[in-house]
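Spelled out from the first residue to the last, the chains are:
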Amino acid sequence: MGKVAAGVAALAACAVAGVVVGRRVRSRRKWKRVVGVLKELEEACETPVGRLRQVVDAMAVEMHAGLASEGGSKLKMLLTFVDHLPTGSEIGTYYALDFGGTNFRVLRVQLGGRRSSILSQDVEQRPIPQHLMTSTSEDLFDFIASTLKQFVEKEENGSEPSSVRARELGLTFSFPVRQLSIHSGILIKWTKGFAIEDMVGKEVVGLLEAALVRSGLDMRAAVLVNDAVGTLALGHYDDADTVAAVIIGTGTNACYLERADAIIKCQGHLITSGCMAVNMEWGNFWSSHLPRTSYDIDLDLESPNPNDQGFEKMISGIYLGDIVRRVILRMSQESDIFGPVSSRLSIPFILQAPLLAAMHEDDSPELKEVDKILKETLEISEVSLKVRKLVVRICDVVTRRAARLAAAGIGGILKKIGRDGSGGGVAGGRSRSDPEMRRTVVAIEGGLYTSYMMFREYLHEALNEILGEDVAQHVILKVTEDGSGIGGALLAAANSSSSVDNVGKW
Ligand code: ADP
Ligand code: MG
């Protein structure tokens, strides 16, 4: 009997060991599958400097094509009619409306007449109510006008009105607009989740001024610009070596100063200074050299604007978290390392850029922040440290690609204007070894760049790789806080009906 019992016990032990080994083998297989998904992602997102330089070249080529003719490229290269920038000599009180994507800002800026002498500035920020994003143009502009009116009344409470003339404002409206003049333009299309159909094809300033009249506010819009042009204006006001501006926030875009004779499609328009700021609308840039994944393709197909804004969909804040969400969803479907598939993983845009940044930059040994966000936002709990590390790795791959592509975009602008050290371009660039290479400043604004340190570091690293140390030391990326709004006010001043003397040339 003793022998039989021992035999049974041995058999049972073997069975248990078998189960344990079986479980381990299965778990190893699942982990291998997940690692396979990660490897595939890493490979598809690779951005070695050789590939980035191809993107740089493609950007410069598309810029040429977009300047040559309307519709010549996916890059619209829109005329802004901004042919003189504020110089620092502007005087007076000006207002600005900064209507970007996530937030809406109202500003009042007092200018003292000496460079960098913004005497005071007041800003009020409000989130744009969700329902207005898909409402009517009248509802939207009535909201904007009433917010502006309250702000003006609060600011001027008790004090003398700024002058006898009507108040003037700069409207910073950061959507693709075909400018008719410096103070008028037609909305081409909505981006960043807006869809107010009756407004597409309409003149934007007319809609604002009609709402101002309805609200009883005596104010005229001296300029219509976008955030990139506003940022360029403040950048140039602070530092005359500023040649371009880049926005990396909810969306992404860039503008730069172009020689009038290089803007072939502009011939016939009068440009007084020989230069004009060109609004690239670079979010719509596309090139076969861009490293695209199946997640990008799905994100695009499921977006309200498929085949549009391809560059923006790989770079900007509104999309980055959603790429990461899609990768985690796929891993979760292929194995149970995240537990049962959470229904939260199927909600578009649930993982926003600040959460992505918080997970990526979590430096606690146990990755507590990752754990918290997985639990609270995605309802994924009890995952091992190994899995949390995997999530950080996904964030890193997606953010690194985005930042490096943005750097390549900047490289493309520098190449086009001959400030990349290659000796080409249209602005008399110099060779890499030339110690006299001109100081070149690019103004940058947007929450993704300013608030996400890893993004910023990856962008700088890539730009250094693209340009090489010798050239990169002459290129300065400068944050211009609130540039989009303040720049709008500065441009209103520079183009004010009462400031004909304020014409600064560059
Ligand atoms: P807008 O582009 O609407 O004018 P901002 O320039 O302020 O607004 O950028 C806001 C965007 O920046 C957010 O939608 C988000 O994508 C990104 N962002 C803001 N804060 C952070 C953060 N801490 N980490 C990462 N991204 C952020
Ligand atoms: Mg903005």
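Residues numbered from 1 in each chain as written. Chains lettered and ligands numbered in written order. Predicted model: local features only at pLDDT ≥ 70, side-chain atom pairs only at ≥ 80, totals over all residues. Heavy atoms only, no water.

The chain is annotated in an unreviewed UniProt entry as Phosphotransferase of Salix brachista. The Sequence similarities (unreviewed entry) field of the UniProt record for the chain holds the comment "Belongs to the hexokinase family." Per UniProt, the chain carries the Subcellular location (unreviewed entry) text "Mitochondrion outer membrane". (UniProt positions renumbered as here; feature names shortened; annotations may be inferred.)

A. Structural view of the site of ligand 1. For ligand 1, the set of nearby residues contains 15 residues, the closest of which are T102, T250, G317, G446 and G447. One of the side-chain N or O atoms of T250 is found 2.9 Å from an oxygen atom in ligand 1. Between G447 and ligand 1, the recorded distance is 3.0 Å, taken from a backbone N or O atom to an oxygen atom. Protein chains shield 79% of the accessible area of ligand 1, which is 570 Å² for the free molecule. A molecule is said to occupy a pocket when more than half its atoms come within 2 Å of that pocket's grid points, and by this definition ligand 1 occupies the largest pocket. Only β3 (103–112), α9 (353–360) and α12 (447–451) provide two or more residues apiece to the shell around ligand 1. By residue class, the composition of the shell around ligand 1 is 5 nonpolar, 9 polar and 1 charged. Residues from two domains meet in the shell around ligand 1; each of domain 1 (47–79 + 239–421 + 438–481) and domain 2 (81–157 + 164–225) gives at least three. (Near = heavy atom within 4 Å. Polar contact = N/O pair within 3.5 Å; in protein donor to acceptor, adjacent residues only side chain to side chain. Areas by Shrake-Rupley, 256 points an atom, 1.4 Å probe, with all protein chains shown as cover. 1 Å grid on protein atoms, 1.4 Å probe; cavity = no way out; pocket = protein on both sides within 12 Å on 5 of 7 lines; lining within 4 Å. Sits in = over half its atoms within 2 Å of the grid points. Helix = DSSP H or I, 4+ residues; strand = E, 2+ residues; numbered from the N terminus. Nonpolar A, V, L, I, M, F, W, Y, C, P; charged D, E, K, R; others polar. Domains from an automatic or database assignment.)

B. Geometry of the layout of surface pockets. Here the largest pocket defines a volume of roughly 1,200 Å³. Around the largest pocket, the lining comprises 47 residues; the ones closest to its centre are G101, T102, G249, T250 and G251. Secondary structure elements with two or more residues in the lining of the largest pocket: β3, β10 (252–259), α8 (317–334), α9 and α12. Per-element accounting of the lining of the largest pocket gives the leading share, 4 residues, to α12. When the residues that make up the lining of the largest pocket are grouped by side-chain class, the tally is 14 nonpolar, 24 polar and 9 charged. Counting contributing residues per domain, the lining of the largest pocket is built from domain 1 (47–79 + 239–421 + 438–481) and domain 2 (81–157 + 164–225), each supplying no fewer than three. (Points joined across faces, edges and corners; volume = space filled by probe spheres on them.)

C. Structural detail: the pattern of salt bridges. All told, the structure shown has 31 salt bridges when counted by the stated rule. The salt bridge involving R178 is made with E70; its shortest N-O contact spans 3.2 Å. Of this pair, R178 sits in strand β6 (residues 177–181) while E70 sits in the loop between α2 (49–68) and β1 (78–79), and the two are 108 residues apart along the sequence. The shortest N-O distance in the salt bridge between K416 and E258 comes to 2.9 Å. One end of the pair, K416, is in helix α11 (residues 385–416); the other, E258, is in strand β10, and 158 residues separate them in sequence. By relative accessible area, which is 2% here, K416 ends up buried. Residues joined in a network through salt bridges with shared partners are D239, D241, R439 and K478. (Salt bridge = Lys/Arg side-chain N within 4 Å of Asp/Glu carboxyl O. Buried < 20%, exposed > 50% of the residue type's maximum accessible area, 1.4 Å probe, protein only.)

D. Focus on unusual backbone geometry. Non-glycine residue E281 carries a positive phi angle of around 50°. Following the sequence through the fold, E281 ends up in the loop between β11 (275–279) and α6 (294–301). Phi angles above zero are rare outside glycine, and N307 is one such case at about 70°. Along the chain, N307 turns up in the loop between α6 and α7 (310–315). Residue class for N307 comes out exposed when judged on its relative accessible area of 61%.

E. Region of the structure containing the pairing of strand β2 (residues 91–99). Among the 9 residues in β2, 8 count as buried, and that is most of the element. Sheet topology note: the β2/β3 ladder contains 9 bridges and is antiparallel. Residue pairing for β3: I91 is matched across the bridge by G112. Here β2 folds back onto β3 in antiparallel fashion, the turn holding 3 residues. Where β2 meets strand β5 (residues 167–173), 5 bridges bridge the pair, whose relative direction is parallel. Bridge pairing in β5 places A96 opposite G170. (Pairing = 2+ DSSP bridges.)

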